Structures are given as C-alpha cells and as structure tokens.
Amino acid sequence: MSSPLERLSSGALGWLAANLDHFDPFSADARSAAPQGRAKAALELALLCHCAARPAGPADGLDGAAALVREVWQDPALPPLFAAVPAYASAYGLACAALAPDGIDGTQVREALAGIDPGFLSPRGKSPYQRIEIRHYADKAGVPHTVEPYAELLPHSPLLALRPAGPGDTASPDGAPLTVPQAYAVTHTAFYLGDFGRTSPGLTGDASAHALDLVDRLLRHCVGHDLWDLAAELVLTLFILGLDPLDTPSGAAAVGCLLRAQRPDGALPGRSAALAATPCAPGREFFRRAYHTTLVTALMALAVSSPRPS
C-alpha cells in the first residue's frame, strides 16, 4: 500500500498535469485572467519544477510541467507579462531568473532582469522578511545585491521574532496563534532560509525550539480549522526545521487532514474548507481556487519524501 505522502503526491501531480493549459499564461484557457494571476501561476509551476529537479530529469509526473516551463521561459511575451504588473514586476523578474530551467535560451530572462528596479535589490525600506526573500532569489539567480547575510536577518525574521498569542490575547477571533499573513510569513521565511528543504536553515538551541513550538501550534490550529494550504506549508516547514513530520502528532494529523480534503481527481479544492470551490464551479474558477494548494501539497509531499541534503 502506498504511503500517505505518496498518495498526496500522486493525486496532486496528476491533477496538475491535467490542467497545464491553465498554467500557460499565453494559452486560451488563461488569457482572460489578469496578468498578475497568470504570471503568479506560471512562476509557482516553475518553482515546483525547480525544487523537484533531479540530475536525470524531472521527477515522475512533472515531465509535461517541466516542458511547459521551458517553453514559457523562452517566449518573448514573458517579460511584458511581468511589466504589466508594475507593483510586482521586480519581484517577478527576479524569481523568473532564479527559477529558469537549465540550458534554455536566456534572452527573455535577461530582459526580465533588465526590468528590475535597482532599488529593489537593496535593504532600504524593507522588512527582514522581505530582505530574506530578495536575498534568496537574488543569490539563486546570481544577481548582485546589498542585502545583509541571513545570519544578521534571522533573529529579526518572522520565524524567530513572532510570538504566539496567549490566552485572552488571540491573534484572531478563532483563537489562532498568529494572523494568517503572519503564519505565511513564518513558512515562507523557512522556505527561503532552507531552500525549500535543500539546505539547513541554520537554527540551533533556543531559536530552533522556538520555531518548532510556533510551527506546532500553528499546525494544530490549521488541522482543527481545515486550513489546508497553511497546513501543507507548515508540514514542509517542519521538514526544513529538521523533523520527520510524520513522526510528530501535528504533522501526521496535518497530512491526514490533507488526504481527507483531496478530491478523487487529486485536487485540493481551495486554501481551506471555507474557501473551497464548489464541485460545480466552472473550470477556470475551480483552477483559480485549487491550483495553489494542490501545487503546495505536491511540493511538500515530494520534499518530505526526498532524502535530506548531506
């Protein structure tokens, strides 16, 4: 019998493979969506392919996705797509370069990089979390920047600076330890510091204990409230922090929660039970609600099932 992570991964990858037209920002299925949504979906698919890349080729189930990313990353329409979202053009251009497949014609990547505001690559006016994100993608892309080293940013990052709400001091009406934006800042900080499970984030002692306690509290809340997207991200965060999530009560419960939410076609229908698409939702609407959580679940399952970096 396949493991829980194998079932999650197989189903999620199958649904993603069946919906690649929606990820192609220049296909008829995606063309009516706003530029930001089309760019974001393409970048997230590229992230999945990048994180799952192996020397011998794409991970099982990702061949079609990897081929699509290679095609899109060489399309002259890609840099103008990023430029059509001015508020995110620099961030998207940097991520485009960081996630570019090996061996492609880099003309469009260079054009995307040329559209980055030079001030975007400096620490001025940015939170520690924003600086960690910029450093992660700039280092991966080989782009010069002036952001401080991770060791200087880590103590002030959401992973260590945030404290869970106590009794009578809840962050939200449902008793969440942190607000939803804060919780996502915690997971994404871990992703960047640990390169989505490829490296150690460098936490030890009290810092590690604090981060693990915070993630455990958040996971238990997510399971209790069917917050599927955050649950998947937090399971991956546990792995990045050095634990086998299935050996922890909260991690195992979260994987079980995701399995219960997964549809027979492999999709996770939304970020949470409250935000899930209805079964009769039109194809584009269902994709919009389901793709991110399904992709994050696939990424988490692939990472947690992989050998740890030596």
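In this text, all values refer to a predicted model and were calculated from it rather than measured experimentally.

Packing of helix α3 (residues 35-52) against helix α4 (residues 63-72) leaves a shortest axis separation of 9 Å and a crossing angle of 120 degrees. Judged by the inter-axis angle, α3 sits oblique to α4. Like other packed secondary-structure pairs, α3 and α4 cross with a definite hand, here left-handed. In this structure, α3 contributes Leu45, Ala46 and Cys49 to the contact, and α4 contributes Ala65, Ala66, Leu68 and Val69. Here the contact of α3 with α4 is built from residues that sort into seven nonpolar, no polar and no charged.

Tracing the sequence through the fold places Asp195 in the loop between α11 (180-193) and α12 (205-224). Taking the relative accessible area as the measure of exposure, Asp195 reaches 13% and is therefore buried. The residues touching Asp195, leaving out its near neighbours within four places in the chain, are His136, Lys140 and Ala190.

What follows deals with the side chain of Arg135. Here Arg135 shows up in helix α8 (residues 128-141). According to the relative accessible area criterion, Arg135 is buried, its value standing at 17%. Apart from the residues lying within four places of it in its own chain, the contact partners of Arg135 are His145, Val147, Glu148, Pro149 and Tyr150.

So, about empty space enclosed by the protein. Empty space among the atoms can be located by rolling a probe the size of a water molecule over them. This model, assessed by the stated rule, comprises one cavity of 30 Å³ or more. Lining the largest cavity are Phe23, Ala42, Leu45, Leu68, Val69, Val72 and Trp73. Among the secondary structure elements, those contributing two or more residues to the lining of the largest cavity are α3 and α4. Here the residues of the lining of the largest cavity are counted per class, giving seven nonpolar, no polar and no charged.

A few words now on the packing of aromatic side chains. Inspection of every chain in the model, using the stated rule, returns 11 aromatic pairs. With 6.3 Å between their ring centres and 75 degrees between their planes, Tyr192 and Phe196 make a pair best called edge-to-face. Considered together, Tyr192 and Phe196 belong to a single accessibility category, that of buried residues. Of the aromatic side chains, those joined through ring pairs into one cluster are Trp15, Phe23, Phe286, Phe287 and Tyr291.

Before going further, it helps to examine the packing of helix α6 (residues 89-98) against α8. For the pair α6 and α8, interaxial distance at closest approach is 8 Å and the crossing angle is 45 degrees. Classed by the angle they form, the pair α6 and α8 counts as oblique. Here α6 and α8 pass one another in a crossing that is left-handed. Taken together, the residues of α8 that come into contact with α6 (itself represented by Leu94, Ala95, Ala97 and Ala98) are Ile134, Tyr137, Ala138, Lys140 and Ala141. Residue classes in the contact of α6 with α8 are distributed as eight nonpolar, no polar and one charged.

Cut-offs applied
- Residues numbered from 1 in each chain as written.
- Predicted model: local features only at pLDDT ≥ 70, side-chain atom pairs only at ≥ 80, totals over all residues.
- Heavy atoms only, no water.
- Axes fitted to C-alpha atoms, helices over the stretch in contact; angles between N-to-C directions.
- Helix = DSSP H or I, 4+ residues; strand = E, 2+ residues; numbered from the N terminus.
- Parallel < 35°, antiparallel > 145°, perpendicular 65-115°, else oblique.
- Left-handed = near helix turned anticlockwise from the far one by under 90°.
- Contact = heavy atoms within 4.5 Å.
- Nonpolar A, V, L, I, M, F, W, Y, C, P; charged D, E, K, R; others polar.
- Buried < 20%, exposed > 50% of the residue type's maximum accessible area, 1.4 Å probe, protein only.
- 1 Å grid on protein atoms, 1.4 Å probe; cavity = no way out; pocket = protein on both sides within 12 Å on 5 of 7 lines; lining within 4 Å.
- Points joined across faces, edges and corners; volume = space filled by probe spheres on them.
- Phe/Tyr/Trp six-rings, centres within 6.5 Å; stacked < 30°, edge-to-face > 60°.

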